[in-house]
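Residue-level listing of the chains:
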Amino acid sequence: MLIAPSMLAADFLHLSKDVETVNACADIIHLDIMDGTFVPNISFGFPVVEAIAKIARKPMDVHLMIVHPEKYVERFAKAGASMISFHYEAALEESDAVIDLIHSFNIKAGIVINPDCPVEKIFPYLGKVDYVLLMSVFAGFGGQKFIETTYDRVKAVKKELKRIGSKALIEVDGGVSPQNAGKLAKAGVDILVAGSAVFKAEDPAAVVAALRG
Ligand code: DX5
Ligand code: ZN
C-alpha cells in the first residue's frame, strides 16, 4: 500500500516540516488544487507547489479540482508533478485529450470521480490512465466523513481493470484513516490519500505506519 499524505491538512506556517514528514515516512505527496468554481473552495497554486518541489523527495501527485484542467497541466508539469489527476466531471468527452496531454509531459495520468458519479462513466478511459482516483468524500474540503459506498466502487473498478488487463492503480481520497484502511486494502486500493488523519495527529509517522497496515 502506498500512502499519500494530503498537504491540504499540513501546517502552512511550517510547510517544510510537513514535507519532510512525507519524505521520511510516506510514499507520495498529494497536492489538492481547488479553483473556487469546480469546487466551492480555493486551496493553493503554483508558488506553493514550486516551493514544495524544492525539498520534495517523493513524487508529487497533483489532484486538480478545477474547470478546464487542460489549461493548467503544463504549468503543473513544469512545477514538478510526477502524477496529475483531473475530474472526469470537469472534462467529460475531453477526458481522452486531457489524458494524452498529461502523458505528453511524461507524467502519470489519473482520472477522478466524485462519489455520486457512476463508476461506469470512466470505464472507457481505464485502458489509458495510470491511476483512478475514487473520491470517498465530495471534493472540496478536508476533514469530511468517509462515504461507505466507496468499498463497492473500488471493487467495481478493480473488476473492470482486471477484465481489460489494465495495471492502473486505484487511489482513494477523503476521510481515510487507520479505521477504514484495512477494508480499503482488501477491496483493492493501491494508494491511500490522507490529510487530517496524518497531519492533525500527534505522531504523523505512526499514523502512516498504521495506514500501511
Ligand atoms: C478533498 C481533497 C482531499 C483532502 C483529504 O477535496 O481532495 O485530498 O485533503 O482530506 P481528509 O483526509 O482530511 O479527508
Ligand atoms: Zn485530493
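Described in the following lines is the structure provided in the data block. (Residues numbered from 1 in each chain as written. Chains lettered and ligands numbered in written order. Predicted model: local features only at pLDDT ≥ 70, side-chain atom pairs only at ≥ 80, totals over all residues. Heavy atoms only, no water.)

So, helix H5 (residues 95–104)
To be explicit about the condition: We call a residue buried when its accessible area falls under 20% of the maximum for its residue type, exposed when it is over 50%, and partly exposed in between, using a 1.4 Å probe and counting protein chains only. We count a stretch as a helix when DSSP gives it H or I for four or more residues in a row; a strand needs E for two or more, and each element gets its number in order from the N terminus. Directions drawn from the helix axis to the C-beta atoms are what define this arc. Two residues form a contact once any of their heavy atoms are found within 4.5 Å.
Turning to H5, its buried residues number three or more, namely Ser95, Val98, Ile99 and Ile102. The buried residues of H5 occupy an angular sector of 100° when the element is viewed end-on, so they sit on one face. The inward-facing, buried residues of H5 abut helix H3 (73–78), strand S4 (83–87), helix H4 (88–91) and strand S5 (108–113). Where H5 terminates, the next one or two residues include Asn106, which has phi positive at roughly 60°.

Structural notes on unusual backbone geometry
Only a minority of non-glycine residues have a phi that is not negative, and only a minority of peptide bonds are not trans. The backbone of His68 sits at a positive phi, close to 50°, despite the residue not being glycine. Among the secondary structure elements, His68 is positioned in the loop between strand S3 (60–65) and H3. Accessibility expressed as a relative area gives 40% for His68, which makes it partly exposed. Despite not being glycine, Asn106 has its phi angle at roughly 60°, a positive value. By the element assignment, Asn106 lies in the loop between H5 and S5.

Concerning the site of ligand 1
Note the cut-off: Nearness is defined per residue: one heavy atom within 4 Å of the molecule or strand is enough. Under the rule applied, a polar contact is a pair of N or O atoms within 3.5 Å (in protein, one hydrogen donor and one hydrogen acceptor; residues adjacent in sequence only if both atoms are side-chain atoms). The accessible surface values rely on the Shrake-Rupley method and a 1.4 Å probe; as for residues, cover is taken only from the protein chains in view. Cavity and pocket criteria rest on a 1 Å grid covering protein atoms alone: a 1.4 Å probe that fits but cannot get out defines a cavity, protein on both sides within 12 Å along at least 5 of 7 lines defines an open pocket, and an atom within 4 Å of a point defines a lining residue. Occupancy of a cavity or pocket is assigned to a molecule whenever over half of its atoms lie within 2 Å of that pocket's grid points. Just so you know the grouping, Ala, Val, Leu, Ile, Met, Phe, Trp, Tyr, Cys and Pro go in nonpolar, Asp, Glu, Lys and Arg go in charged, and all remaining residues, Gly too, go in polar.
In the neighbourhood of ligand 1, 20 residues make up the surrounding shell, with Ser6, Gly140, Asp173, Gly195 and Ser196 lying closest. At 3.4 Å from an oxygen atom of ligand 1 is found a side-chain nitrogen or oxygen belonging to His30. His63 places a polar side-chain atom, nitrogen or oxygen, 3.2 Å from an oxygen atom of ligand 1. Here ligand 1, which alone exposes 390 Å², has 99% of that area covered by the protein. Applying the majority rule of atoms within 2 Å of the grid points places ligand 1 in the largest pocket. For the shell around ligand 1, the secondary-structure elements that each account for two or more residues are strand S2 (29–34), S3 and strand S8 (191–194). Tallying contributions element by element places S2 first for the shell around ligand 1, with 3 residues. Grouping the amino acids of the shell around ligand 1 by side-chain chemistry returns 8 nonpolar, 10 polar and 2 charged.

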